[in-house]
2 protein chains.
Amino acid sequence: MVSIISVAKAAGVSNKTVSRVINGEPHVTEETRERVEKAIRDLGYVPNMAARQIRSSRSNTFGIITDYVSTTPYSVDIVRGIQDWANANGKTILIANTVGSSEREAKIWKMFQSHRIDGVLYVTMYRRIVDPAAGDVSIPTVMVNCRPQTAEDWPSIEPDDFQGARDLTRHLLERGHRKIGYIRLNPILLGAELRLDAFRQTAREFGLADSDLSIRLGMEGPVGAEENYVFAAATEILQQRDRPTAIMSGNDEMAIQIYIAAMALGFRIPQDISIVGFDDFRTVSMALKPQLTTAALPYYDLGLQGAEWLNRVVAGDKIRPSRRVLACKLIERDSVCSV
Amino acid sequence: MVSIISVAKAAGVSNKTVSRVINGEPHVTEETRERVEKAIRDLGYVPNMAARQIRSSRSNTFGIITDYVSTTPYSVDIVRGIQDWANANGKTILIANTVGSSEREAKIWKMFQSHRIDGVLYVTMYRRIVDPAAGDVSIPTVMVNCRPQTAEDWPSIEPDDFQGARDLTRHLLERGHRKIGYIRLNPILLGAELRLDAFRQTAREFGLADSDLSIRLGMEGPVGAEENYVFAAATEILQQRDRPTAIMSGNDEMAIQIYIAAMALGFRIPQDISIVGFDDFRTVSMALKPQLTTAALPYYDLGLQGAEWLNRVVAGDKIRPSRRVLACKLIERDSVCSV
DNA sequence: CAGTTCAATGACAACGTCGACAATTATTGT
DNA sequence: ACAATAATTGTCGACGTTGTCATTGAACTG
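The rules we used
Within every chain, residues take consecutive numbers counted from 1 along the sequence as written. Chains and ligands are labelled by the order in which they are written, letters from A for the one and numbers from 1 for the other. Totals for whole chains, interfaces and linings use every residue, but because this is a predicted model, local features are given only for residues with pLDDT of at least 70 and side-chain atom pairs only at 80 or more, for both listing and counting. The side-chain figures draw on all heavy atoms in the structure; neither hydrogens nor water molecules are used. Each salt bridge in this description consists of a side-chain nitrogen of Lys or Arg and a carboxyl oxygen of Asp or Glu lying within 4 Å of one another. Three labels apply to residues, based on accessible area from a 1.4 Å probe with only protein chains included: buried if under 20% of the type maximum, exposed if over 50%, partly exposed otherwise in between. The pairing criterion for strands is at least two bridges between them, as found by DSSP. Numbering goes from the N terminus for both helices and strands, where a helix is a DSSP run of H or I of at least four residues and a strand is a run of E of at least two. Geometry is summarised by axes, namely lines fitted to C-alpha atoms with helices restricted to the contacting stretch, and by angles between N-to-C directions that run from 0 to 180 degrees. It only takes one pair of heavy atoms within 4.5 Å for two residues to be counted as in contact. These domain boundaries are the output of an automatic or database domain assignment. Using a 1.4 Å probe, buried area is obtained as the accessible area two parts lose upon being combined, added over both of them. The classification used treats Ala, Val, Leu, Ile, Met, Phe, Trp, Tyr, Cys and Pro as nonpolar, Asp, Glu, Lys and Arg as charged, and all other residues, Gly among them, as polar. It suffices for a single heavy atom of a residue to lie within 4 Å of a molecule or strand for the residue to be listed as near it. N or O atoms within 3.5 Å of each other form a polar contact, as long as, within protein, one can give a hydrogen and the other can take it, and as long as residues adjacent in sequence are counted only when both atoms are side-chain atoms. We call a crossover right-handed when, viewed with the strands running away from us, the connection from the first strand over the helix to the second turns clockwise. Least-squares superposition aligns the copies on the C-alpha atoms of those residues with pLDDT at or above 70 in both. Any angle that is under 35 degrees is reported as roughly parallel, and any over 145 degrees as roughly antiparallel; angles of 65 to 115 degrees are reported as roughly perpendicular and all others as oblique. Helix crossings get a hand from a simple test, with the near helix turned counterclockwise from the far one by less than a right angle marking a left-handed crossing and a clockwise turn marking a right-handed one.

**Some details on the pattern of salt bridges**
Applying the stated rule across the entire model yields 36 salt bridges over all chains. Where R268(B) meets D272(B), a salt bridge forms, and the shortest distance between an N and an O atom there is 2.9 Å. Accessibility expressed as a relative area gives 48% for R268(B), which makes it partly exposed. Within this structure, R147(A), E158(A) and R323(A) form a network of salt bridges that share partners.

**Overview of the sheet that holds strand 9 (residues 213-217) of chain B**
Residues and elements named next belong to chain B. Pairing is parallel in the open sheet, where 4 strands are placed in the order 9-8-12-13. Taken across any chain shown, the strands that pair with only one partner, and hence form the sheet edges, are strand 9 and strand 13 (274-276). Sheet twist, expressed as the average angle between the axes of neighbouring strands with direction ignored, equals 15 degrees. Set on the sheet, helix 7 (residues 161-174) makes contact with strand 8 (180-184), strand 12 (246-249) and strand 13; between it and strand 12 the angle comes to about 170 degrees. Sitting on the sheet, helix 9 (residues 230-239) touches strand 8, strand 9 and strand 12, and the angle it makes with strand 8 is about 165 degrees.

**Describing the domain arrangement of chain A**
All names here are of chain A. Domains assigned within chain A are domain 1 (4-47), domain 2 (59-159 + 300-328) and domain 3 (161-297). For domain 2 versus domain 3, the distance between C-alpha centres works out to 31 Å. Contacts between the two partners involve 11 residues from domain 2, matched on the other side by 16 residues from domain 3. Interface of domain 2 and domain 3: buried area, both sides summed, is about 1,100 Å²; carbon and sulfur atoms make up 61% of it. Inspection of the domain 2/domain 3 interface yields 0 salt bridges. Residue classes in the side of domain 2 that touches domain 3 are distributed as 7 nonpolar, no polar and 4 charged.

**Comments concerning the protein's contact with DNA strand C**
Lining the immediate environment of DNA strand C, one finds 26 residues, of which T17(A), R20(A), I4(B), Y45(B) and R55(B) sit closest. Among atoms of DNA strand C positioned within 4 Å of the protein, sugar and phosphate together represent 60%. Within the side chain of K16(B), one N or O atom sits 2.9 Å away from a base nitrogen of DNA strand C. A distance of 2.9 Å separates a phosphate oxygen of DNA strand C from a polar side-chain atom of R52(B). Residue assignment for the surface near DNA strand C shows that the elements contributing at least two residues are helix 2 (15-22) and helix 4 (49-56) of chain A together with helix 2 (15-22) and helix 4 (49-56) of chain B. When residues of the surface near DNA strand C are assigned to their parent elements, the largest contribution, 4 residues, is made by helix 4 of chain B. Considered class by class, the residues forming the surface near DNA strand C number 9 nonpolar, 10 polar and 7 charged.

**Topic: the pairing of strand 9 of chain B**
Residue and element names in this part refer to chain B. Bridge count for strand 8 against strand 9 is 5 bridges, and the pairing is parallel. Residue pairing for strand 9: G181 is matched across the bridge by S214. For the handedness criterion, the β-α-β arrangement of strand 8, helix 8 (residues 190-205) and strand 9 is classed as right-handed.

**Let's talk about the relation of the copies chain A and chain B**
The operation relating the pair of chain copies consists of a rotation about an axis and a translation along that axis. Least-squares fitting of chain A to chain B yields an RMSD of 0.2 Å, with the transformation described by 0.0 Å of translation along the axis and a rotation of 180 degrees. The superposition operator between the copies reduces to a two-fold rotation axis. When you check the interface residues of chain A against chain B, 100% turn up at the interface there too, and the contact is symmetric in its surfaces.

**Re the protein's contact with DNA strand D**
Lining the immediate surroundings of DNA strand D are 26 residues, of which I4(A), Y45(A), R55(A), T17(B) and R20(B) lie closest. The contact atoms of DNA strand D, taken as those within 4 Å of the protein, divide so that sugar and phosphate hold 57%. At 3.0 Å, a side-chain N or O of S19(A) approaches a phosphate oxygen of DNA strand D. Contact between DNA strand D and S14(B): a phosphate oxygen at 2.7 Å from a main-chain N or O atom of the residue. For the surface near DNA strand D, the secondary structure elements donating two or more residues are helix 2 and helix 4 of chain A together with helix 2 and helix 4 of chain B. Across the surface near DNA strand D, the residue classes tally to 9 nonpolar, 11 polar and 6 charged.

**Details of the packing of helix 5 (residues 76-88) of chain B against helix 12 (residues 299-314) of chain B**
All names here are of chain B. Following both chains from N to C, one finds helix 5 and helix 12 inclined at 45 degrees, their axes separated by 6 Å at the closest point. Judged on the interaxial angle alone, helix 12 and helix 5 are oblique. Handedness of the crossing formed by helix 5 with helix 12: right-handed. Along its contact with helix 5, which presents D77, I78, R80, G81, I82, D84 and W85, the element helix 12 presents Y299, Y300, G303, L304, A307, E308 and N311. Classifying every residue of the contact of helix 5 with helix 12 gives 7 nonpolar, 3 polar and 4 charged.

**Details of the packing of helix 7 of chain B against helix 8 of chain B**
Residue and element names in this part refer to chain B. Interaxial distance between helix 7 and helix 8 falls to 8 Å at its minimum, and their mutual angle equals 40 degrees. Two packed elements cross with a definite hand, and for helix 7 against helix 8 that hand is right-handed. Contacts between helix 7 and helix 8 involve D161, F162, A165, R166, T169, R170 and L173 from the former and G191, L194, R195, D197, A198, F199, Q201, T202, A203 and E205 from the latter. Of the residues belonging to the contact of helix 7 with helix 8, the class tally is 7 nonpolar, 4 polar and 6 charged.

**Comments concerning the side chain of T169(B)**
Residues and elements named next belong to chain B. One can find T169 in helix 7. For T169, the side chain forms a polar contact with the main-chain oxygen of A165, separated by 2.6 Å. Those residues within four positions of T169 in sequence are excluded, and the remaining contacts are F199, T202, A203 and M248.

**A word on the environment of A246(A)**
Residue and element names in this part refer to chain A. Tracing the chain through its elements places A246 in strand 12 (residues 246-249). For the pair A246 and D160, spaced 86 residues apart in sequence, the C-alpha to C-alpha distance is 23 Å. With sequence-adjacent residues up to four places away left out, A246 is seen in contact with L172, H177, K179, I180, G181, I273 and S274.

Next up, the structure:
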């Protein structure tokens, strides 16, 4: 393999001078620099990261540890955000999935250590309170889309489910809806409670009574093997005598079944029934007809800002661990109309 | 950082002996081995991959280079398959996305080289004929979900779109459907033509005339900004006097709109109209009601086998570049009935 | 013009690991 | 008991880089 030494020989300079050129250090004549650069090009030399790392004991690598994220369609955008940041800042990214196994997680931390990772982004697919097995290790860590048991442990960055659900609810209320159905997310997901709370609270603020709200459970059970009641729940809600004029869905995916339930009963969307989702999982929200009004989870920015934050922590910025929250933007499409 | 030397000191042996223990080499007394292992545990020593790599000039790392894969919900399973294989075989994975930019792609190859990657898995999101800018580099490469311009360049592994579409068509024909609609995938995708050809050919084999087939374009235009005609096409097909009893969808996502179009016209699925998808994109195929019968793209296995194959190439197995094809399994759910 | 400063370059060591080989000790055969 | 053999352990150098310090020579100061 062509090394810095071969380049030095070819350019007739010392290896240190080549090193200076590569790293853009000063104290190199323009003429020497050009000679070296030519040699680099001619030989196709590319610096060896491993050697660099060993010398500087900095790997310039971040690790992403996830439960299912990169294996799941939903939140790949988090990973994309991280990758984009890393790419723009000359960092390398190592990704590994625990698949929920803590044995596997321990192995991953070992692997990260053996690569002398500078920092870790701990990402979960479903927003949750987690307790990374990182205990025994002290690699700087930022939690993305989840939150540590005790707020002091690590910095965390999450979507603002509450605000998203509030905005969505307001959106409906401001358009005159006074009877609203709500089909709940699987309660084991942290976002589920937040979204429901926001819905309830906002409805109350607008003077709605509890009896104006038809709240039903849409799913429950362990992730990946949940019971699905969405279709039945939507059908039931829509058949009530004094039926709601709008239904909020726990997420976009569940909205598919609400659409189908509504249509099976002969309702037109949105004329007869308005529907809103959550997540802006575009494969669904844009494939539905009419396209779904929803709140966009800021996944990409979660990743981007998480990486940036981690970088600051790694660089030694003494930021005390804190929770940061990113807004969910309301995406107005065609599934809501005024009454 | 704790190195092999600190361990050696702690255990009262030479660093070479520690190295032997770490790598499970013979010629170490059981007693010494234990002493060393204790020291390793006490000090929390983890071998330094970078050092290992410069010593052995083998990085044990594979690179994944993709267009949009890891940024897109569809084919993350490919990545998961690769990761699982890598994990089981002690390899490290580096992922990078070109996002379609060839400038970016060039940078990625450089990055891979600087990490002294052993081999590259070239993965595309949409099956296509590609021509990696790898030309100037000679890193062993296996193409996954795509195919090189000239078959001799690199080995490739792809899903068998033709077989999948054939099986799906047969499934309908065997259930007595004699008038079938087909809503086409965006023609810029390689799979589009294969699937359509299989549909046409199989229908002909069963004695159907061209007039029994209602073939419509569902989407066209550049990926990410395509025109969507699915709903209109489905509506039109279903309003024909002698309408089809079944519709094949270019993929699962498009099937959403077919469902909605059918329901809007008052058809029940599958009693009045059978529908099949393609891909088995479970977020959609299982969320639909009734659940969608479809053909599963073997993404996970594509990744797994691609990685395994690459490993053999890297190890020096003189396999001449060839195309390998993996079957798409028919997934029978509830959206089809006999007529 | 002597003395000082500074830019350009190089020599060398060290990072952590492991392969080649040497040295030491234990075991075996006669 | 003594050489021959085998098992165990150690020494040293090299991988590719860059940090530290040294050297050279030219430009500047007064």
